[in-house]
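Given next are the chains, with one letter for each unit.
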Amino acid sequence: MSRVKRGVTARRRHKKVLKLTKGHRATKHSLYRRAHESMMKSLNYAYRDRRDRKGQLRGLWIARINAAARQEGIPYSVFMDGLNKAGVEIDRKMLADMAVRDPGAFSKLVEIARKASAQHS
């Protein structure tokens, strides 16, 4: 069986890791072993935080909806409960966008939510 020299694949793998760690501080972008550790951590953080970002955006949407609803004189929880009872199926992302870009339509939704929560009370 012929001998396999592994220099090319190792070089390619090392170059790939060093390319991914470009911009990291100290030896974490220049020495392979340190760079590999740094790369594994950074990819792990990126994976985790892509999921975390979804929760942060949901919090932002809720804060925006709450602010707009309170300007109309109704708290967030009552507003959302009224929408659910009225059968309005608009997600929080769209509601937050509507609150910022189209306050007229949002105030109509607030009225729908008020009527629905009053009927079920």
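You'll find the structure just up there.
Quick caveat, the model's predicted, so the values are computed rather than measured.

Caption draft 1: Representation of the overall build of the protein chain. Summing up its helical and strand segments, the protein chain has five helices and zero strands in all. A compact globule built from 121 residues would reach a C-alpha radius of gyration of about 14 Å, whereas the protein chain, at 26 Å, exceeds it by more than 25%. By its C-alpha atoms, the protein chain is 80 × 35 × 25 Å across when sized along the principal axes. Within the protein chain, the fraction of its 121 residues that count as buried is 21%.

Caption draft 2: Structural view of the pattern of salt bridges. Tallying each qualifying case throughout the model produces five salt bridges. A salt bridge links aspartate 81 to lysine 85, with the nearest nitrogen and oxygen atoms 2.9 Å apart. Here lysine 85 and aspartate 81 lie together in helix 3 (residues 76-86), a separation of four residues that amounts to about one turn. A relative accessible area of 36% places lysine 85 in the partly exposed class.

Caption draft 3: Geometry of the side chain of threonine 21. As for its position among the elements, threonine 21 is in the loop between helix 1 (7-20) and helix 2 (32-71). Not counting chain neighbours up to four residues away, the residues in contact with threonine 21 comprise Lys28, His29, Ala35, Ser38 and Met39.

Caption draft 4: Structural context of the packing of aromatic side chains. Under the counting rule described, the total for this entry stands at one aromatic pair. Just above the ring of tyrosine 47 sits the side chain of arginine 51; from NZ or CZ to the centre is 3.9 Å.

Caption draft 5: Seen up close, the packing of helix 3 against helix 5 (residues 103-120). Between helix 3 and helix 5, whose axes approach to 7 Å, the crossing angle comes to 75°. Judged by the angle between their axes, helix 3 and helix 5 are roughly perpendicular. Residues Val78, Phe79, Gly82, Leu83, Lys85 and Ala86 of helix 3 touch helix 5, and the partners they reach there are Phe106, Leu109, Val110, Ile112, Ala113, Ala116, Ser117 and His120.

Caption draft 6: Summary view of the packing of helix 1 against helix 2. Viewed as axis vectors pointing N to C, helix 1 and helix 2 meet at an angle of 55°, and their least axial separation amounts to 9 Å. Classed by the angle they form, the pair helix 1 and helix 2 counts as oblique. In terms of crossing hand, the pair formed by helix 1 and helix 2 is left-handed. In this structure, helix 1 contributes Arg13, His14, Val17, Leu18 and Leu20 to the contact, and helix 2 contributes Tyr32, Ala35, His36 and Met39.

Caption draft 7: Molecular detail of helix 2. Helix length check: helix 2 (40 residues) gives 56 Å between terminal C-alpha atoms against 58 Å at 1.5 Å per residue, within 8%. Of all bends in helix 2, the biggest is about 25°, found at arginine 50. Those residues of helix 2 lying buried are Ala35, Ser38, Met39, Ile65, Ala68 and Ala69. Against helix 1, helix 3, helix 4 (92-101) and helix 5 lie the buried residues of helix 2. Phi turns positive, to about 85°, at glycine 73, one or two residues after helix 2.

Caption draft 8: Inspection of unusual backbone geometry at higher detail. Its identity as a non-glycine residue notwithstanding, alanine 26 has a phi of 55°, on the positive side. Tracing the backbone shows alanine 26 in the loop between helix 1 and helix 2. Residue classification places alanine 26 among the exposed positions, given a relative accessible area of 61%.

About the thresholds
Residues numbered from 1 in each chain as written. Predicted model: local features only at pLDDT ≥ 70, side-chain atom pairs only at ≥ 80, totals over all residues. Heavy atoms only, no water. Helix = DSSP H or I, 4+ residues; strand = E, 2+ residues; numbered from the N terminus. Rg over C-alpha atoms; globule rule 2.2 N^0.38 Å. Buried < 20%, exposed > 50% of the residue type's maximum accessible area, 1.4 Å probe, protein only. Salt bridge = Lys/Arg side-chain N within 4 Å of Asp/Glu carboxyl O. Contact = heavy atoms within 4.5 Å. Phe/Tyr/Trp six-rings, centres within 6.5 Å; stacked < 30°, edge-to-face > 60°. Lys NZ or Arg CZ within 6 Å of the ring centre and 35° of its normal. Axes fitted to C-alpha atoms, helices over the stretch in contact; angles between N-to-C directions. Parallel < 35°, antiparallel > 145°, perpendicular 65-115°, else oblique. Left-handed = near helix turned anticlockwise from the far one by under 90°. Expected span 1.5 Å × (residues − 1). Bend = angle between axes of the 7 residues up to and from the residue.

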